[in-house]
Amino acid sequence: MYLTPQHVLLAGATGLTGEHLLDRLLNEPTISRVLAPTRRPLAEHPHLENPVGDPAVFLPQLAGRVDIAFCCLGTTLKQAGSESAFRAVDLDMVVAFSKRAREMGARHLLVVSALGADPKSSIFYNRVKGEMEQALKDQDWPQLTIVRPSLLLGERMEPRLSEQLASPFAKLIPGKYRGIEACTLARALWRLALEEEDGVRVVESDELRRLGKK
């Protein structure tokens, strides 16, 4: 079965994947409203509502019913500056956003996690992503789609040196470990949004590449 969402809530619209997904959503004729809170303003569009400011302040103030929510929030340890600051974004903020989306009526949440996410991992990054996934499962969503992309490829406004160095090699690795273009991930997210299937679905990077083909 397929569901065509009309009112969408999007977190992370200024990020690499979020930018591509936002463009996709605003060009979908079935979507009449995209609510995308950000720290910096987005370009104006007749179907876009863009609250700007501190998420901790405006998140409780978001209003209006939404059908579906996408969460593309994420940072790096280097950008965050500390493990606690990283957890505040990749765990706490994701969980708070998802809770608010559920309160606003969304029945389907699609969230960008990471390859190797595991709450028991010895690797801090993977452990936090795994804890985030478990926290969202505990919210008891009617439909929860967790995507686990490998290294994201594409042009960022603020380039990440590690990604730039790894990018040429990431394109050569086979299977789910091969890097994935952010535009491909965005197309895959939209196609997954159209699928109506109750419960939790975890989608690995190789399947995301297949779903995101033009």
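Small disclaimer: the values here were computed from a predicted structure and weren't measured.

### Concerning the packing of aromatic side chains
Applying the stated criterion across every chain yields a total of 2 aromatic pairs. Cluster of aromatic residues (ring-pair linked, three or more members): Phe86, Phe124 and Tyr125. For the cation-ring pair, Arg102 lies above Trp141, with the distance from its terminal atom to the ring centre recorded as 5.5 Å.

### Some thoughts on the pairing of strand 6 (residues 143-148)
Burial analysis of strand 6 places 6 of its 6 residues in the buried class, the great majority of the element. Residues Gln143, Thr145 and Val147 of strand 6 are buried on one face, and the alternating residues Leu144, Ile146 and Arg148, pointing to the opposite face, are buried as well. In this sheet, strand 6 lies alongside strand 5 (residues 108-112) in parallel orientation, the contact comprising 5 bridges. Residue Val111 lies in a different strand from strand 6, and its bridge partner there is Ile146.

### Remarks on the confidence of the model for the protein
Confidence in the prediction for the protein averages 90 pLDDT; 88% of positions are at 70 or higher. pLDDT under 50 marks residues 160-167. Its contacts with residues more than four places away, or in other chains, come to 11 contacts.

### Concerning helix 7 (residues 182-193)
The terminal C-alpha atoms of helix 7 lie 16 Å apart, and with 12 residues this matches the ideal 16 Å at 1.5 Å per residue to within 8%. With 10 of 12 residues buried, helix 7 is to be regarded as a mostly interior element. Those residues of helix 7 lying buried are Ala182, Thr184, Leu185, Ala186, Arg187, Ala188, Leu189, Trp190, Leu192 and Ala193.

### Here we look at the nonpolar core
Within the largest apolar cluster, 32 residues are counted, with the highest numbers of intra-cluster contacts made by Leu10, Leu25, Phe70 and Leu189. If you list the elements that add at least two residues to this core, you get strand 1 (7-11), helix 1 (16-26), strand 4 (68-71), strand 5, helix 7 and helix 8 (205-211). Looking at which element gives the most residues to this core, the answer is helix 7, with 8 residues. When sequence neighbours within four positions are dropped, the list of residues in contact with Leu189 reads Thr17, Leu21, Phe70, Cys72, Leu110, Val112 and Val147. In terms of nonpolar packing, the next biggest core, distinct from the first, is built from 26 residues, Leu9, Leu59, Ala69 and Ala101 among them.

### Here we look at the sheet that holds strand 6
Strands sit in the order 3-2-1-4-5-6-9 across an open sheet of 7 strands; the sheet is parallel. Each edge of the open sheet carries a strand with a single partner, namely strand 3 (48-49) and strand 9 (199-204). Together, strand 1, strand 4 and strand 5 form the strand contacts of helix 4 (residues 83-103), whose direction differs from that of strand 4 by roughly 170°.

Definitions and limits used
Per chain, residue numbering runs from 1 following the sequence as it is written. Reporting in this predicted model follows two pLDDT cut-offs: at least 70 for local features of residues, and 80 or more for side-chain atom pairs to be given and counted; totals over whole chains, interfaces and linings ignore these cut-offs and use all residues. Based on all heavy atoms of the structure, the side-chain values leave hydrogens and waters out of the count. Each aromatic pair joins two rings of Phe, Tyr and Trp (for Trp, the six-membered one) with centres within 6.5 Å, and gets the label stacked for planes under 30 degrees apart, edge-to-face for over 60, and tilted for any other angle. Comment: the charge-over-ring label is applied if NZ (Lys) or CZ (Arg) is within 6 Å of the ring centre and within 35 degrees of the ring normal. Relative accessibility decides the category of a residue: with a 1.4 Å probe and only protein chains considered, values under 20% of the type maximum give buried, values over 50% give exposed, and everything between is partly exposed. Numbering of helices and strands starts at the N terminus; helices are DSSP runs of H or I of at least 4 residues and strands are runs of E of at least 2. By definition, two strands form a pair when at least two bridges between them are found by DSSP. Confidence of the predictor in every single residue is expressed as pLDDT, which spans 0 to 100. Whether two residues touch is decided by their heavy atoms; if any such pair falls within 4.5 Å, the residues are in contact. Given a helix with a known number of residues, its expected span is that number minus one, times 1.5 Å. As used in this record, nonpolar core signifies buried Ala, Val, Leu, Ile, Met, Phe, Trp, Tyr and Cys residues forming a set joined through side-chain atoms within 4.5 Å. Helix axes are fitted to C-alpha atoms over the stretch in contact, other axes to C-alpha atoms as well, and angles between N-to-C directions run from 0 to 180 degrees.

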